[in-house]
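Analysis of the macromolecular model
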Amino acid sequence: MATEPFPIDFVVTWVDGNDPEHRRKRLIYATGSESLHNDVGGETRYRSVGEIAFCIGSILRFAPFVRKIFIVTDQQNPHLEAFVAHNFPDNSTPIEIVDHTVIFRGYEQYLPTFNSVAIETMLWRIPGLSEHYVYMNDDFSIISPVGRGDFFDESGIPVSYSYWHSTVTARLMRFLRRRKDGHKKLRFRDTMLNAADVLGSNRFLRINHTPQMMLRSFFEKFYQEHPEVMENNIRHRFRSASRVNVHCLQSTALALSGKCRIEPSPHKYIYIQPRPDGTLVEKQIQQMEKAGALFCCLNSLDFASEESRRQILEAITGRIGIEIV
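First, a word on what this report is: a plain description of the structure on this page.

Parameters and conventions
- Residues numbered from 1 in each chain as written.
- Predicted model: local features only at pLDDT ≥ 70, side-chain atom pairs only at ≥ 80, totals over all residues.
- Heavy atoms only, no water.
- Axes fitted to C-alpha atoms, helices over the stretch in contact; angles between N-to-C directions.
- Helix = DSSP H or I, 4+ residues; strand = E, 2+ residues; numbered from the N terminus.
- Parallel < 35°, antiparallel > 145°, perpendicular 65-115°, else oblique.
- Contact = heavy atoms within 4.5 Å.
- Nonpolar A, V, L, I, M, F, W, Y, C, P; charged D, E, K, R; others polar.
- Pairing = 2+ DSSP bridges.
- Phe/Tyr/Trp six-rings, centres within 6.5 Å; stacked < 30°, edge-to-face > 60°.
- Buried < 20%, exposed > 50% of the residue type's maximum accessible area, 1.4 Å probe, protein only.
- Lys NZ or Arg CZ within 6 Å of the ring centre and 35° of its normal.

1. As for the packing of helix α9 (residues 216-225) against helix α10 (residues 227-234)
- Running from N to C, α9 and α10 point in directions that differ by 100°, and their axes come no closer than 5 Å. Taken as axis vectors, α9 and α10 run roughly perpendicular relative to one another. Together, Phe 222, Tyr 223, Gln 224 and Glu 225 of α9 and Pro 227, Val 229 and Met 230 of α10 make up the contact between the two elements.
- Residue composition of the contact of α9 with α10, grouped by class: 5 nonpolar, 1 polar and 1 charged.

Right, here's the structure in full:
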């Protein structure tokens with residue numbers, strides 16, 4: 001008798017930084033480097049140009065196996081009802097808004113937070129979340145039909161689109177990084193190096209800008225045993241050099257014990273980061289059509305010129321097959 005497939009949820013974090021109330025709250029706590037540097041707490045980290053619609057639309061279009069979609073926000077609502085009704089009139093996938101106060105229950109002293117790592121640290125606490133869930137930033141989209149096996153194998157083992165990276169190399173690169181205006185820029189790799197240090201490992205899985213496959217029980221157990229890791233991640237309202245990338249933490253820990261399937265990712269995802277002068281946009285759009293691409297990350301669209309942004313949005317909506325209403 002065939003076994004019933006385990007449920008898979010999608011979790012999307014979203015913020016509308018254009019909201020005056022959100023900006024007001026952020027500026028209350030932003031001091032020093034938080035208000036000066038884009039890698040910590042600058043405006044571009046919170047601006048929205050409607051990416052959430054592409055993200056949710058792509059899940060509904062290309063991942064029909066999803067059980068439920070959770071959108072995690074800070075007292076906001078993207079109001080996607082009309083968009084979903086127009087593009088997916090027969091949709092039966094529930095979409096639930098989850099506020100930060102829900103996942104930070106018992107830790108409300110750390111709210112409001114403007115730190116994506118802090119929020120990601122607490123996602124496993126969403127009420128009713130399935131054991132297997134896929135995490136996506138709101139600027140991620142699925143751009144090709146996908147199956148359950150692109151995220152978890154039949155036994156529930158997560159897929160990680162990543163490769164092994166040496167802590168020695170990562171530490172050297174961090175040491176050699178130049179300061180600019182007295183500030184050494186925080187890098188995505190640094191959070192993964194911190195994860196390796198927590199695990200006491202001399203290597204880590206260098207994850208890319210793709211969806212991350214998560215196990216709720218891993219974090220429940222890990223934070224019970226290492227509450228200081230969770231506490232350190234969530235106590236910073238803005239990005240901090242000490243933060244630990246929880247996706248790398250889980251993937252590396254599982255891979256070291258043979259419980260994670262590592263997939264090479266260069267041909268699996270497209271990373272689009274437009275320049276204000278419009279250069280490279282056409283080339284990046286063409287990459288979206290390359291064979292085997294499953295995912296796309298639209299990074300910092302607010303920096304693009306109006307023409308570049310128009311070209312990118314036309315390309316992504318056409319690829320997904322949606323209309324923005």
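2. Description of the sheet that holds strand β4 (residues 132-137)
- Spatial strand order, β3-β2-β1-β4-β8: 5 strands in an open sheet with mixed pairing. Of all the strands in the sheet, just β3 (95-99) and β8 (212-215) have a single pairing partner and so form its edges. In this sheet, neighbouring strand axes are inclined to one another by 30° on average, regardless of whether the strands run parallel or antiparallel.
- Of the strand pairs in this sheet, strand β1 (residues 8-13) and β4 are connected by 6 bridges, and their pairing is parallel. Bridging across to β4, Asp 9 finds its partner in Tyr 133.

3. Quick look at the packing of aromatic side chains
- The full count for this structure, using the stated rule, is 14 aromatic pairs.
- Judged by centre distance (6.4 Å) and plane angle (45°), the rings of Phe 10 and Phe 65 are tilted. One end of the pair, Phe 10, is in strand β1; the other, Phe 65, is in the loop between α3 (51-62) and β2 (69-73), with 55 residues separating them in the sequence. Across the pair, exposure class does not vary: Phe 10 and Phe 65 are buried alike.
- Over the ring of Trp 164 we find Arg 203; its NZ or CZ atom is 3.8 Å from the centre of that ring.

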